[in-house]
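Structural overview for review
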Amino acid sequence: MTKEKLLLLDGNSLAYRAFFALPLLTNDSGVHTNAVYGFTTMLQKILEEEKPTKMLVAFDAGKTTFRHESYGEYKGGRQKTPPELSEQFPYLRKLIDAYQIKRYEKELYEADDIIGTLAKQAESEDMDVIIVSGDKDLTQLATDKVTVYITRKGMTDIEKYTPSHIEEKYGLSPLQIIDMKGLMGDTSDNIPGVPGVGEKTAIKLLKEYGSVEALYEQIEAMKKSKMKEKLVENEEQAKMSKKLATIFTEAPIDISLEDLNYPGPNEEEVLNVWQELSFKSLIEKSDFRMEEKETADLAFDIVTDVTTDMLKDVMAVHVELENEHYHTCRILGLGFTDGKKNFYISFEDMKNNEAIKNWLEDESKIKYMSDSKAAQAILKRINIELRGVDFDLVLATYIVNPAVSGDDLATLAKEYGYSDVQANETIYGKGAKWTVPAMEVLAEHVCRKAFAIWSLQPIVEEKLKENEQFDLYHDLELPLASILGIMESEGVKVNIATLEKMGGELEQKITALEKEIYELAGEKFNINSPKQLGVILFEKLGLPVVKKTKTGYSTAADVLEKLQSEHQIVKFILDYRQLAKLQSTYIEGLIKEVHSEDSKVHTRFQQALTATGRLSSTDPNLQNIPIRLEEGRKIRQAFVPSKEGWVLFAADYSQIELRVLAHMSKDENLVDAFIQGMDIHTRTAMDVFHVSEEEVTSNMRRAAKAVNFGIVYGISDYGLSQNLDITRKEAGEFIDKYLQSFPGVKEYMDRIVQEAKLNGFVTTILNRRRYLPDITSRNFNLRSFAERTAMNTPIQGSAADIIKKAMIDMDARLKQEGLQTKMLLQVHDELIFEAPKEEIEILERIVPEVMEHAIELAVPLKVDFSYGHTWYDAK
DNA sequence: AACGTCACG
DNA sequence: ACGTACGTGACGTTA
């Protein structure tokens, strides 16, 4: 029989040690995980190295122990366990159970005593014993049979205390460690010891006398000294301290060595816990995944023909694309599954297949998909109108947690516990090495995706229902995806000639500015390089350095503006920057995106990306076309209706975010201001500066406007001071005055931060969620950031909810009215349409009506609109 | 790939 | 004492 090896772990000490040794990590739901993580890595390492046959993790039970009877102050003055650690204990216990390791705690005794008692028992039965702790006190238990492992820094770094190691390190025997503790005390346990005696002195004394008792027996003979006085004075205290530091090896425990057999981990359970805690790196490199969780076989057929009987009423279907640019790329193939049969058909074989076309276009045939908008848009290019999508994995998971990226179906599936899909990178390679694999490989990959969608549909929908988010997902995001797909496919007509003409003019101006700049600098350099520009401005020309970035001098616009009076060159650089931006991004960049077939740009709206619920727009980004400065605004002259005799019609919400704030805070003053239909910035100025409407100067209004922005962003005095270029103190006073005038807003802000701390997330009007794991961070910066986010996200996100709902209503209304008008773009608080002239009149009526009543708030919503022959003219 | 910059709401 | 306004995407430079 092999020799028994017992591993005893000090649960509390190890958790504490890990908690303080590692940065505060969190899982996707915002639960802190660093202590459990540290414990796990340590455990993995020790299990691998030691292969124990018996194991136990001991915990402290309750607050009082038998030590308190003799010394009430024992462990007094200890900091309360931080809540970020307390919340981890349930997970730690769950993890230990998953490993099938025994846990034990006993009223009135500490983990140390349990460990000591079992170590002694095991030793008497000739077992090898290893004790693991973060606390050096345990080293007193070391013997020939018992080794004490003490973790250092990263938890996996371990110092092994055998009697000879202790002898080497301190010149003491293990038992003398207790005497040492008695003399020097222990602040963390509030053991007093002898004042003035530290480690060095204690060791010296013990080398001479052997023990505390022996020392006091011979103390008479000691030479007179300060130290002797202290020792004599504190004899009782020293003896009591030794007693407190002594680990009790005869605790009345009701667990025996036979109970501690360690059968090895339940690998599936451990993986589940790791999954829950988002221990991705551990899951990645875990050997149990390799052995046990080898991707299950998936039977699939490669077919060249699909007949109607193969297409069921409910199926998962995946349209595999070459890349994310679905307006230009090719379809590789399609995978279908009904949970039983899986098949793949290549694009070549499907494109003329009538059965597939009919099935895809049949509203009554239910499709489960992932990124249905991409599929819809690309199928449209081969004249297939996708209908009947009832599940979209990307959208559903985004609603469950917008922080989880849905770039790759494999990543997404894994996130929800399904790991039988490979990453696209594994199948295709990346960058220049990208290549379509053999048909067999591709077909399996695509079928696995379809199967993943099929398998995850009930799981993710259940999660949505549990969080009361199913309606948001099913009745808002899902239909919106289809509307966005149509908008993207429709595209926006761009007049390239207009852009080219502007480009030519810009080129001349840029060249002229370059010349001026080189002359003033006295040399040619790359103005686009902040590094080179910094050298010219701050070294060669000696301008004062206002701000630094982590790599050097800041040359950002706000810095340069402050330097304008210092040197002529600064203004030229600012002008150059402005024009260069227009040229590279909005002239050259935009021209590259225009499709030659239809002279249109087809943006892609990212619907499952932002943290707040907003959309984003890419290739090209049509949500940041210049407007603030006239030179840039002219770019909009190149955006035109797609048909002769049509116009572009633009409608935007006025102050939607502040109205949302009024609604959510129910602040009487703010609500009243909107009901009165006042200019909100003027009204704010009146309240903050205590003046009448007539007395509000343009500067006061400007300041009030900045304060309103600040409120929406989650106010900070520093941020406002930067924006208004005033001192922090002044900014702070503005904020105080604002919050006095709008007390309901202050209450709301406090409440929302509290709520975020309690739940770990904040919500919008339609119950969109954003998790804020940093809200409980002890790092000031992280925490402050999370607090501002907690204040801003419900506002920005609710505004996003409102306009999304308006888009759905607007789409329905246009159909209902039988109009030709098409919705083309959404820019966060505005909708852009193209319309035949004859429909302008009705749009002027229905667009504001629909948008203003998308969601009813405690304040009215207000929509302004205009139209023109170009986007520029729709102002 | 990361950074700085700047365009938008 | 800490050091930032919230949310995005595209471009050019530099490592």
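In this text the structure is predicted, and so the values were computed from the model without any measurement.

**Some remarks on the UniProt feature "domain: DNA-directed DNA polymerase family A palm" (unreviewed entry) in chain A**
Summarizing the sequence annotation, UniProt attributes the feature "domain: DNA-directed DNA polymerase family A palm" (unreviewed entry) to residues 632-839 in the numbering used throughout. Helix makes up 59% of residues 632-839 and strand 13%, whereas the separation of the span's terminal C-alpha atoms amounts to 30 Å.

**Quick look at helix H6 (residues 111-124)**
Between its first and last C-alpha, H6 extends 20 Å over 14 residues, near the 20 Å set by a 1.5 Å rise per residue. Burial within H6 is extensive, with 10 of its 14 residues counted as buried. When we look at burial in H6, the residues that qualify are Ala111, Asp112, Asp113, Ile114, Ile115, Gly116, Thr117, Leu118, Ala119 and Ala122. Those residues of H6 that are buried are in contact with strand S1 (5-10), strand S2 (54-59), helix H3 (66-70), strand S3 (102-105), strand S4 (128-133) and strand S5 (146-152). A positive phi of about 70° marks Asp126, the residue just after H6.

**Some points on the protein's contact with DNA strand C**
Taken together, 37 residues lie near DNA strand C, and Asn526, Ser529, Ser616, Arg770 and Arg788 sit nearest. Of all atoms in DNA strand C that approach within 4 Å of the protein, 60% are sugar or phosphate atoms. Contact between DNA strand C and Ser616: a phosphate oxygen at 2.6 Å from a side-chain N or O atom of the residue. Residue Arg788 places a side-chain N or O atom 2.7 Å away from a base oxygen belonging to DNA strand C.

**Observations concerning the nonpolar core**
Ranked by internal contacts, the top residues of the largest apolar core, which has 158 residues, are Phe639, Tyr653 and Leu661. Apart from the residues lying within four places of it in its own chain, the contact partners of Tyr653 are Ile802, Ile803, Ala806, Asp829, Met851, Glu852, Ala854, Leu861, Lys862 and Val863. Listed in part, the 48 residues of the second largest apolar core include Ile115, Val129, Tyr216 and Leu231.

**Some remarks on the sheet that holds strand S25 (residues 863-868)**
The four strands are arranged S23-S24-S20-S25 in an open sheet whose pairing can be described as antiparallel. The sheet is open, and its two borders are formed by strand S23 (822-826) and S25, each paired with just one other strand. Sheet twist, expressed as the mean angle between neighbouring strand axes with direction ignored, is 25°. Two strands pair when backbone bridges link them, and strand S20 (residues 646-653) and S25 are joined in this way by six bridges, in the antiparallel orientation. Its bridge partner being in S25, Leu648 is matched across the sheet by Gly868. In the packing of helix H36 (residues 780-816) onto the sheet, the strands contacted are S20, S23 and strand S24 (830-836), and the crossing angle to S23 comes to about 170°.

Rules and cut-offs
Residues numbered from 1 in each chain as written. Chains lettered and ligands numbered in written order. Predicted model: local features only at pLDDT ≥ 70, side-chain atom pairs only at ≥ 80, totals over all residues. Heavy atoms only, no water. UniProt positions renumbered as here; feature names shortened; annotations may be inferred. Helix = DSSP H or I, 4+ residues; strand = E, 2+ residues; numbered from the N terminus. Expected span 1.5 Å × (residues − 1). Buried < 20%, exposed > 50% of the residue type's maximum accessible area, 1.4 Å probe, protein only. Contact = heavy atoms within 4.5 Å. Near = heavy atom within 4 Å. Polar contact = N/O pair within 3.5 Å; in protein donor to acceptor, adjacent residues only side chain to side chain. Core = buried A, V, L, I, M, F, W, Y, C linked by side-chain atoms within 4.5 Å. Pairing = 2+ DSSP bridges. Axes fitted to C-alpha atoms, helices over the stretch in contact; angles between N-to-C directions.

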